[in-house]
Amino acid sequence: MSSVPAASELEVVPAADPRPTGGRLTVHRLLRSPSALLSASWLAFLVVVAVALPPFVETAANRQDLSLRLLPPFSLDEGFAFVLGADSLGRPELLQLVMGTRSSLLVAVTAVAAAAVVGMALGLVSGYFGGWVDEILMRIADVMHTIPSLLLALAVLYVLQPSVGNLVIVLAVTRVPVYLRTARAEALALRERVFVESSRAVGARDWRIIRTDLAPLVVPTIRTVAMLELASVLLAAAGLSFLGIGLQRPDVDWGMMVADGRAYLASAWWVTVLPGVAIVLTALAANLLSNWLRAAEDPAQAARFVRRPRGGRRAA
Amino acid sequence: MQADQPGPVLEVRGLRTVFDGRGGRETVAVDDASFDVAPGQCLAVVGESGSGKSTLARSVLRLVEPTAGRVRYRGTDLTALDRRALRPYRRHLQMIFQDPYASLHPRQSVLRLVSEPWRIHRDLMPEDPCARVAELLEQVGMPPAVIDMHPTQLSGGQRQRVAIARALGLEPDVLVLDEPVSALDVSIQAQVIALLMELQQSLGLTYLFISHDLALVRLVASEVIVMHHGVFVETGTTERVFEDPRDEYTRSLLAASPHL
Ligand SMILES: Nc1ncnc2c1ncn2[C@@H]1O[C@H](COP(=O)(O)OP(=O)(O)OP(=O)(O)O)[C@@H](O)[C@H]1O
Ligand SMILES: [Mg+2]
């Protein structure tokens, strides 16, 4: 044999897209699911509000004017800021909601992101190395599982200073086990794969294998779980703020607004109901979108989103 | 490569690998294996499924820790090194795995797959990694256009060529080939084997070739080890073992292989 036998001559490269669940297709499918599209739009709207508006409305949002106390909504007499009425100290409800959007999203997103990163790292280590590391981490996760996370958060925040930082830390810590278990389960399966052995054969050490071989394959699952967690963390943060151990004035979030308005529920419903609606809608949207994402990213279910049977069942 | 050094490249003595099974039951996958591999030689290990061929290969490379025995690579006792000290030696002994659908990371491009080992053995990092990868791809008969592709876009034969390029990038001395073509179409098998033979010639590689395809072994190997239940039942030159099998098990293996 004198020349290198070439592969290209006899084998055909399949030109098909290797990842049928790639980014473009997902967006394409999003347009076909009204509930997911609506959810995504609502969340995107909130993000824009939370990022763009607070610097401009912060002072106005916290300006108290007792003459406008519990001003009813849906009137432009006092200007657009008061279109949703005013709270018990005469602060414009709309601007308070804008400020609350920022805090609520910031707390929830930061807590979820922190929990996801830490939980994934611990889970990968736990699953990959096994042994006593795994043993200890799983015991801790088990213990945390048996204590209701809200109760734990309550206890910790009661002892510590209630502040944004502590709220985020407490919420994150209580949600870490969710990601730990997910990442661990995947790492347990992945570490047996041949490409891991192949990495070992070229001299990669354990940390490199965890980082470059395992992590990229675990991230999509973690991302889906994180989306799902967003709703429950948002609710937990609102609950803690409602109980007065979350944020403190002048910071405001939706949970705190609900709590503040509670006393006036009979006479001024909007002070409680509007932030309440914001919480419910956002949690619902995050939930719907994450459920949709999970199904859309699952190749087994992907066909459902590509060909949508309409108007009756198709012949199987 | 130190191909001019005298003595065997690999000296394996009394290698034994035991797996702990469930309920205290042990599997002796490799039992008291001893053999030498001379420079530039192709030594084949044959045996039925489950006879311990892969475990032997993995034990030699310490991808599983042998229970007992010694593996010497050009005089260095690999089994005596700790994991850290072993790492620099890994580049000299590379492995090609049976299933190219499983051995390449599904999320890495060909460029990444072939260049990844250089991030570990930094002294081998070329000035221009892209150019070097293209060169290696050419060496294994692949067009440079595949450099940005992912394994999912490649056929089995192409994947195995990428795996070979990845190993060659480390300028190894010994290639351990664990049934390198048995997962491929028959028509592709011949091409990949031809490539491996050609590479052995041009680069002076030493092969430990694991297979259950006796016809193939007869074609490529100079010496053969016949393995059965973890034990070497027969060792000899290819000609001798095929012409004059002494062990009962070897005879039954040869008899079961129709086209010899
Ligand atoms: N990681 C492991 N844990 C426990 N037992 C194992 C492990 N790997 C292999 N074995 C056992 O060791 C024995 C030898 O397996 P091995 O994979 O080395 O055989 P083989 O000759 O390569 O077979 P094949 O031709 O099917 O690849 C088998 O009984 C197998 O069940
Ligand atoms: Mg095998």
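Conventions we followed
Residues numbered from 1 in each chain as written. Chains lettered and ligands numbered in written order. Predicted model: local features only at pLDDT ≥ 70, side-chain atom pairs only at ≥ 80, totals over all residues. Heavy atoms only, no water. Near = heavy atom within 4 Å. Polar contact = N/O pair within 3.5 Å; in protein donor to acceptor, adjacent residues only side chain to side chain. Areas by Shrake-Rupley, 256 points an atom, 1.4 Å probe, with all protein chains shown as cover. Helix = DSSP H or I, 4+ residues; strand = E, 2+ residues; numbered from the N terminus. Nonpolar A, V, L, I, M, F, W, Y, C, P; charged D, E, K, R; others polar. Buried < 20%, exposed > 50% of the residue type's maximum accessible area, 1.4 Å probe, protein only. Arc of directions from axis to C-beta. Contact = heavy atoms within 4.5 Å. UniProt positions renumbered as here; feature names shortened; annotations may be inferred.

### Observations concerning the site of ligand 1
All names here are of chain B.
At step 1: Taken together, Phe19, Thr27, Ala29, Glu48, Ser49, Gly50, Ser51, Gly52, Lys53, Ser54, Thr55 and Glu179 make up all the residues around ligand 1.
At step 2: Take Lys53: an N or O atom from its side chain is 2.9 Å from an oxygen atom of ligand 1.
At step 3: Between Ser54 and ligand 1, the recorded distance is 2.7 Å, taken from a side-chain N or O atom to an oxygen atom.
At step 4: Protein burial of ligand 1: of its 630 Å² of free accessible surface, 62% is covered by the chains.
At step 5: Looking at the shell around ligand 1, the elements that each hand over two or more residues are β2 (26–37) and α1 (53–60).
At step 6: Among the elements that line the shell around ligand 1, the one with the most residues is α1, at three residues.
At step 7: Looking at the shell around ligand 1 residue by residue, the classes come out as two nonpolar, seven polar and three charged.

### Describing helix α2 (residues 83–90) of chain B
At step 1: Regarding α2 of chain B, the residues found buried are Leu86, Arg87 and Arg90 of chain B. All buried residues of α2 of chain B fall inside an arc of 115° around its axis, so they share one side.
At step 2: Buried residues along α2 of chain B sit in contact with α8 (194–201) of chain A together with β6 (93–96) of chain B.

### Description of the UniProt feature "transmembrane region" (unreviewed entry) in chain A
All names here are of chain A.
At step 1: According to UniProt, the "transmembrane region" (unreviewed entry) feature falls on residues 36–57, 105–130, 150–174, 226–247 and 267–289.
At step 2: Secondary structure within residues 226–247 divides into 77% helix and 0% strand; the distance between the first and last C-alpha atoms comes to 23 Å.
At step 3: Segment residues 267–289 splits into 87% helix and 0% strand. End C-alpha atoms: 36 Å apart.

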